[in-house]
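Now for the letters of each chain:
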Amino acid sequence: MARVSLNILSIQSWVAYGHVGNASAIFPLQRLGAEVWGVHTVQFSNHTGYGAWRGQVFGAELISECVAGIEERGVLGRCDAVLSGYLGSAEIGVAVRDAALKVKAANSKALWCCDPVIGDTGRGVFVRPGIPEFLRDQALPAADIATPNQFELEWLTGQVITSLDTAKAAITALQAKGPRIVLLTSLRTEATGAGEIELLAAEDGGFWRLRTPMLPLSVNGAGDAIAALFLFHRLQSGGVAPALEAAASSIFGLLSQTLAAGARELQVVAAQAEITAPTRRFVAEAC
């Protein structure tokens with residue numbers, strides 16, 4: 001029997017050149033066999049990390065209009081998940097949250113995966129004022145899955161992470177605010193080996209940790225890709241551990257190929273085999 005395709009509504013930014021936001025998330029999801037209903041919050045020439053770009057930020061009303069049009073097609077009940085990432089403003093965030101709630105009202109089994117993009121270690125908060133508070137107080141309480149990095153998890157919970165135990169405590173605190181599934185996409189503690197990076201996932205009181213080499217590169221869009229991959233594999237497998245293993249293995253493969261190519265943009269197309277059949281597979285351990 002043919003496997004039924006997953007339908008995922010992805011509301012994120014879009015760039016014509018390169019891979020961030022929907023340009024980083026949609027193709028991997030499609031390559032895995034998902035139908036993706038992409039709604040773009042911006043249309044830029046390239047990501048802002050270049051220091052210069054052209055394009056427009058779309059208003060919250062465009063998001064609401066697009067979702068209303070999808071609803072009018074009578075298909076929201078067939079939507080399995082909503083994926084959201086960077087928000088240009090708190091107003092856009094409200095439209096994204098309302099879209100997710102509309103999908104969940106139409107399909108009680110649908111999941112909202114909210115990547116709470118706020119900032120990063122070394123850079124601090126880099127989003128507009130009001131967005132971090134909106135994510136903490138209004139978005140995440142309604143979300144099912146959250147995929148923060150270490151800086152974002154600390155900001156959202158007010159807890160400092162220095163060990164596995166404090167990371168687990170911070171994740172538990174975030175779960176108490178709403179999202180029952182949390183993927184900590186970057187974890188470094190005193191126990192993390194030199195040249196390693198850890199990921200930590202949690203659901204229903206269980207925790208799973210996975211370690212990979214930390215590659216000497218920094219590219220935009222990797223966080224967008226891993227959130228999409230984790231969501232897909234959690235939907236498909238129904239478990240956090242296999243979702244963590246599949247997502248981490250694929251993102252490591254994509255990053256490895258990007259490093260080998262000496263590229264500034266994540267090589268999601270050139271290295272697409274890593275999405276479906278990662279060269280190196282990592283195993284998560286219960287912790």
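Residues numbered from 1 in each chain as written. Predicted model: local features only at pLDDT ≥ 70, side-chain atom pairs only at ≥ 80, totals over all residues. Heavy atoms only, no water.

Draft legend 1. Seen up close, the pairing of strand β2 (residues 35–44). Judged from the eight bridges that link them, strand β1 (residues 7–15) and β2 form a sheet pairing that is parallel. Bridging from a neighbouring strand, I8 pairs with V36 of β2. One crossover worth recording links β1 to the parallel β2 by way of helix α1 (residues 22–31), and it is right-handed. As judged from the three bridges shared by β2 and strand β3 (residues 55–57), these two strands associate in the antiparallel manner. Bridge pairing links F44 to G55 in β3. (Pairing = 2+ DSSP bridges. Helix = DSSP H or I, 4+ residues; strand = E, 2+ residues; numbered from the N terminus. Right-handed = clockwise from strand over helix to strand, strands pointing away.)

Draft legend 2. Structural context of the packing of aromatic side chains. This model, assessed by the stated rule, comprises three aromatic pairs. Between F44 and W53, the ring centres sit 5.9 Å apart and the planes meet at 40°, which makes this aromatic pair tilted. Exposure remark for F44: the relative accessible area of 13% places this residue in the buried category. Aromatic pair F252 and F282: ring centres 5.0 Å apart, planes at 75°, arrangement edge-to-face. On the criterion of sequence distance, the pair formed by F252 in helix α8 (residues 240–261) and F282 in the loop between α9 (273–276) and β12 (285–286) is long-range, its members being 30 residues apart. Taken as a pair, F252 and F282 share a single burial class, namely buried. Between R264 and the ring centre of Y50, over which it is positioned, the NZ or CZ distance is 3.9 Å. (Phe/Tyr/Trp six-rings, centres within 6.5 Å; stacked < 30°, edge-to-face > 60°. Buried < 20%, exposed > 50% of the residue type's maximum accessible area, 1.4 Å probe, protein only. Lys NZ or Arg CZ within 6 Å of the ring centre and 35° of its normal.)

Shape is all these values report; function is a separate question.
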